[in-house]
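Coordinates in review
So the chains spell out like this:
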Amino acid sequence: MASWRQGYRLSTLWILAAAAGLAACRPAADEAFLIRDVTIVDGRESTPLSGMSVLVEGNRIASVGPVGSLRPPPGTRVFEAGGLYLAPGLWDMHTHALWEPFVSDGSLALFVANGVTGIRDMGGELEVLRRLKAPGRERGEAEPRIVASGPWLNVEELDSRAGMAVVTPAEALRAVAAIAEAGADFIKVYLQLPREVFLAVLQEAAARGLPVAGHVPIEVGAQKAAELGMRSIEHMQAEIGGYCNPEETGDCVSLFETFRRLRTWQTPTLVVRRNRAHLEDPAVVEAPGLEFAPAYLREEWEAVRTLRLESMDAEELDAVRGRFAAEGRLAAALIRAGVPILAGSDAGDLYCLAGFSLHEELALLVEAGMSAREALRTATLGAAEYLGLEDSLGTVEAGKLADLILLEADPSENIANARRLRAVVLGGRLFDRPALDRLLSAPDSVELRGSREPEE
Ligand SMILES: [Zn+2]
């Protein structure tokens, strides 16, 4: 059984923390530790590498090598990991987590508690973005890395928590400027945006060095949006019946070829589509982890669920389920065609709880035809490649940031094993199982102080 080896060096801080009953097994981020005799599973190797040790120093992986080959500094703490598997931290590439009170009540920690060390947030409050990206602000202890769009742009405000209305190209320029100045990493667009407004968004975003991702505006279409440089497309345009019909010979070929050639990434978000289609199914409303959702969120989901189930008759329910089945076939066709895929769950949307829903998405991607290893790669190295961060994230390699998950079984054998977390390392800070359990039941609140200085 893996455990901290007895007799390791105790720092004063450590003793104080233990005496106060706080985070007794959570080392500070600047301490070194060795994960010894572990099997490494990442997106590069076709077979897991057993008998390896990984030395973490500060927030980085200092070295990786066969057991006994590393030279850790004297006094380095050792995590005996015989029989365990070490993979890179997971990314949920489609979340809605940046809104209040979700941020202040500490719910972001639910991602980390599930091994999700990074998220791409696809629509949240501008003010929360501004506070989160304030210069000089330090990431919270149990806060995942966050790449964020702030509010999405559409002609009408569908959700004041996540969207912003823009009707003219001039408004689009002002909106992109405001979102960029709040610290956004990219701009998210939505379905109903008129063509000329979309073009204005692309132009202003490019001028500011920001990629554009999101829903393809209906007026533009997926082929054209990809050619214009849209970086990722969400939900396979499920809202308007999908891109094409993979059952029709040749229907999808040229579009998928465009996606592959231009590396236009696709985020199928199968879990949220399934949840919407199967609200009568106990598997959705009793999904693992929902007991850890904040009460206000459970109540909100339950209200939406009741409303939808009451307003739909059996025929409509059948139609919705049929559409989800078709989306599954579309995702399968994208996977077969070798189009780059992102694992995103729409966490925050209906019964998609932070962290937990990514594991559901990975299971559905495997059902759609990915191998477990491909699913793992998609949520790790794939995400890093999309973000242009493959030099610092996405694999277990010396020099990279120490974002890691330690598992009881091999996730490349069965992706469900990615849920079996023994520990999570985030930026060199180790959360062992008791620390993860604490995050689930009493998440740390995330500090969001200070405001962003207006730019010149
Ligand atoms: Zn979304």
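Everything numeric here is computed off the predicted structure, so don't read it as measured data.

Parameters and conventions
Residues numbered from 1 in each chain as written. Predicted model: local features only at pLDDT ≥ 70, side-chain atom pairs only at ≥ 80, totals over all residues. Heavy atoms only, no water. Helix = DSSP H or I, 4+ residues; strand = E, 2+ residues; numbered from the N terminus. Rg over C-alpha atoms; globule rule 2.2 N^0.38 Å. Areas by Shrake-Rupley, 256 points an atom, 1.4 Å probe, with all protein chains shown as cover. Lys, Arg positive; Asp, Glu negative; His and termini not counted. Charge placed at Lys NZ, Arg CZ, Asp CG, Glu CD. Expected span 1.5 Å × (residues − 1). Contact = heavy atoms within 4.5 Å. Pairing = 2+ DSSP bridges. Axes fitted to C-alpha atoms, helices over the stretch in contact; angles between N-to-C directions.

**Re the overall build of the protein**
Secondary structure summary: the protein contains 14 helices and 17 strands in total. In terms of C-alpha radius of gyration, the protein reaches 22 Å, essentially the compact-globule figure of 23 Å for 456 residues. In terms of principal-axis extent, the alpha carbons of the protein reach across some 65 × 50 × 45 Å. Roughly 18,200 Å² of accessible area belongs to the protein as shown, and the carbon and sulfur atoms make up 50% of that amount. A gap of 5 Å separates the mean positions of the 46 positive and 66 negative side-chain charges of the protein.

**Here we look at helix α10 (residues 295–311)**
Because each turn of an α-helix spans 3.6 residues, side chains separated by three or four positions in sequence point in the same direction. Helix length check: α10 (17 residues) gives 24 Å between terminal C-alpha atoms against 24 Å at 1.5 Å per residue, within 8%. Residues of α10 that are buried sit in contact with α9 (282–285).

**Topic: the sheet that holds strand β8 (residues 145–148)**
Spatial strand order, β6-β7-β8: three strands in an open sheet with parallel pairing. What marks the edges here is a single partner per strand, and that holds for β6 (90–95) and β8. The average undirected angle you get between the axes of adjacent strands in this sheet is 15°. Alignment of strand β7 (residues 116–121) against β8, held across four bridges, turns out to be parallel. Residue glycine 118 lies in a different strand from β8, and its bridge partner there is arginine 145. Here helix α12 (residues 356–367) sits on the sheet and contacts β6 and β7; the angle it forms with β6, its principal contact strand, is near 95°. Docked against the sheet, helix α13 (residues 372–387) engages β6, β7 and β8, running at close to 70° with respect to β6.

**Comments concerning the environment of isoleucine 187**
Tracing the backbone through its elements, the reader meets isoleucine 187 in strand β11 (residues 187–189). Separated by 188 residues in sequence, isoleucine 187 and alanine 375 have C-alpha atoms that sit 26 Å apart. Ignoring any residue separated from it by four or fewer positions in sequence, one finds isoleucine 187 in contact with Leu153, Val176, Ile179, Val201, Ala205, Leu210, Pro211, Val212 and Ala213.

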